[in-house]
Amino acid sequence: MEINIEKSVLLLGEANFSFTISLLNYCEPKFITTTCFESKDQLIKYNPELVHRNLTKLSEQNVFPLFGIDACSLEKHFGKKKFDRVIFMFPHVSGRSNLKKNRDLIDRFFFSCKNVLIDENSAIFVSLAKGQGGTSFETEPEKRLSKDTWTINQLAQSNGLILTDCYEFKAEKFPYYTSTGFRNQQKSFLTQSGLVHKFQLSLNFQTLNPDHPIKQIEKYLSIYLDEKISGQFVEERLNFKIEDFQDFIEIPRYKYEIKFSDIHKKMLEKVDIDVCFNVSEYLKNLFALDDVRLVFSKDPRVLKCEEINDLFKLKGRIVPFSIETLKWNHDISFWYDVKEFDINIFLDTVRTCSNLIRFIKLVDSFNSSGKNAYCFRLIYESCDEALDWKSTTQIQQQLRENLISKLGNIINLR
């Protein structure tokens, strides 16, 4: 959990307000809005001594809780009011292992909560007991099969949110905090080693940030060569054979190149830059990026301010903002005309359909009695935006339509 908060904070589902009291060690009272799902009378009925004591402590700090606040209907309660931080500590519904109800709770919470965030830098913090969330950050022995978890990242991405941080909840930093069970039962559940999940809005930015490394390189070269220098996107040439698809390959898309005139050749030799400079490949290697698409991300949150010891004296590093991207598999099968089918035309149709189709592999082929068929597996993955199953099925349908339009006389989709 973030320490020393100086922005508006909304706390949800506070069963006894002990976490709110602990948070006051790191946040001024004026920034805090704390809430409870139950009415005040219900809360006092469940645990009168603890609740009275905590309410008194809060009133002494001029913090006055709101009761009867449903975390799944925030706009109803707060109207147009927005928050910079929303914290939901160990949410759960009745029932020891009621996955369906808990998933539904998280899904409806995300749907509501994204509308009360101030901007793209605002964040939602959800703490879950170890093993519940189902992310890759769970560790043994608590790690479970996805079907036995709350699938919190999948639910977030289906609501336009991306996971940007995940770390262990340090209970010792909040010594006054005591968790409670259903209906504020005095028996608490284990929070130690639970995980805090941080989510932020997934947004579609339209232009590169002025401080993007590509812009910095162009500016550096313009000054060095005393001439306006800018690059261009160049589509990667496709030259594959069907044998190349026995394993997954990453679909080549485009690169960002700067081509220099003959006049600049001698000047460039001094700084060891090719006359046809592949900027995107240079940045991918410089920042050790797994996915070159991050180089072209327009999300300013992928930029980390940092002095880079490189040729261009860059002042920012490109880093993945989404820390756990989701991968979705789709298969596409078709009969094909052996004489007319061109694997590279097929691949070009796939890559132009969507930038989200990242990998492709031939998983099956059929050749018998003059009939020939292929089955390819496509892996969808976004490097900087939320991506859910429903979105990929829509793209897959569009791909089928594009293939019919472009190759309809050569292939017959199955």
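All of the points below concern the structure found in this document.

Calculation criteria
Residues numbered from 1 in each chain as written. Predicted model: local features only at pLDDT ≥ 70, side-chain atom pairs only at ≥ 80, totals over all residues. Heavy atoms only, no water. Buried < 20%, exposed > 50% of the residue type's maximum accessible area, 1.4 Å probe, protein only. Helix = DSSP H or I, 4+ residues; strand = E, 2+ residues; numbered from the N terminus. Pairing = 2+ DSSP bridges. Lys, Arg positive; Asp, Glu negative; His and termini not counted. Salt bridge = Lys/Arg side-chain N within 4 Å of Asp/Glu carboxyl O. Polar contact = N/O pair within 3.5 Å; in protein donor to acceptor, adjacent residues only side chain to side chain. Contact = heavy atoms within 4.5 Å. Arc of directions from axis to C-beta. Axes fitted to C-alpha atoms, helices over the stretch in contact; angles between N-to-C directions. Parallel < 35°, antiparallel > 145°, perpendicular 65-115°, else oblique. Left-handed = near helix turned anticlockwise from the far one by under 90°. Nonpolar A, V, L, I, M, F, W, Y, C, P; charged D, E, K, R; others polar. Phe/Tyr/Trp six-rings, centres within 6.5 Å; stacked < 30°, edge-to-face > 60°.

1. Observations regarding the pairing of strand β5 (residues 123-128)
Reasoning step 1: Where burial is concerned, most of β5 is hidden: six out of the six residues are buried.
Reasoning step 2: Here β5 shows two buried faces, one formed by A123, F125 and S127 and the other by I124, V126 and L128.
Reasoning step 3: Pairing geometry for strand β4 (residues 85-89) and β5, over five bridges, is parallel. The partner of V86 across the bridge, within β5, is I124.

2. Digging into the side chain of E218
Reasoning step 1: Locating E218 in the fold gives a position in helix α7 (residues 213-225).
Reasoning step 2: No salt bridge is formed by the buried E218; its nearest oppositely charged neighbour, K215, is found at 4.5 Å.
Reasoning step 3: At 2.9 Å, the side chain of E218 and the backbone nitrogen of G231 are in polar contact.
Reasoning step 4: Among residues more than four places away in sequence, those in contact with E218 are I229, S230, G231, Y256 and I258.

3. Observations concerning unusual backbone geometry
Reasoning step 1: Between E140 and the following residue, P141, the backbone shows a cis peptide bond with an omega angle of 5°.
Reasoning step 2: Structurally, P141 can be placed in the loop between β5 and α6 (152-157).
Reasoning step 3: Positive phi, normally seen in glycine, also occurs at A288, with a value near 50°.
Reasoning step 4: Of note, A288 is situated in the loop between α9 (279-286) and β12 (303-305).
Reasoning step 5: With a phi close to 55°, K313 is a non-glycine residue in the positive phi region.

4. Digging into α9
Reasoning step 1: Residues of α9 that are buried include every one of V279, S280 and L283, and no others. Along α9, the residues classed as buried sweep out an arc of 95° about the axis, all on the same side.
Reasoning step 2: As for α9, its buried residues are in contact with α7, β10 (254-259) and β11 (276-278).
Reasoning step 3: Of the residues flanking the end of α9, it is A288, one or two places downstream, whose phi is positive at about 50°.

5. Concerning the packing of α7 against α9
Reasoning step 1: Two elements in contact, α7 and α9, have axes whose closest approach is 11 Å; the angle formed by their N-to-C orientations is 120°. On the basis of the axis angle, α7 is oblique to α9. The interaxial crossing formed by α7 with α9 has right-handed handedness. Only V279, Y282 and L283 of α9 make contact with α7, whose side of the interface consists of P213, I214 and I217.
Reasoning step 2: Each residue belonging to the contact of α7 with α9 can be placed in one class, and the counts come to six nonpolar, no polar and no charged.

6. Structural notes on the packing of aromatic side chains
Reasoning step 1: Across all of its chains, the model carries 35 aromatic pairs by this definition.
Reasoning step 2: Aromatic pair F17 and F67: ring centres 5.9 Å apart, planes at 80°, arrangement edge-to-face. Of this pair, F17 sits in the loop between β1 (9-12) and α1 (18-23) while F67 sits in strand β3 (residues 66-67), and the two are 50 residues apart along the sequence.
Reasoning step 3: The exposure class of F17 is buried, given its relative accessible area of 0%.

7. Quick look at the environment of F111
Reasoning step 1: Residue placement: F111 occurs in helix α5 (residues 99-113).
Reasoning step 2: The class for F111 is exposed, based on a relative accessible area of 51%.
Reasoning step 3: Spatially, the C-alpha atom of F111 lies 9.0 Å from that of S158, the residues being 47 residues apart in sequence.

Purely spatial values, then, with no claim about function.
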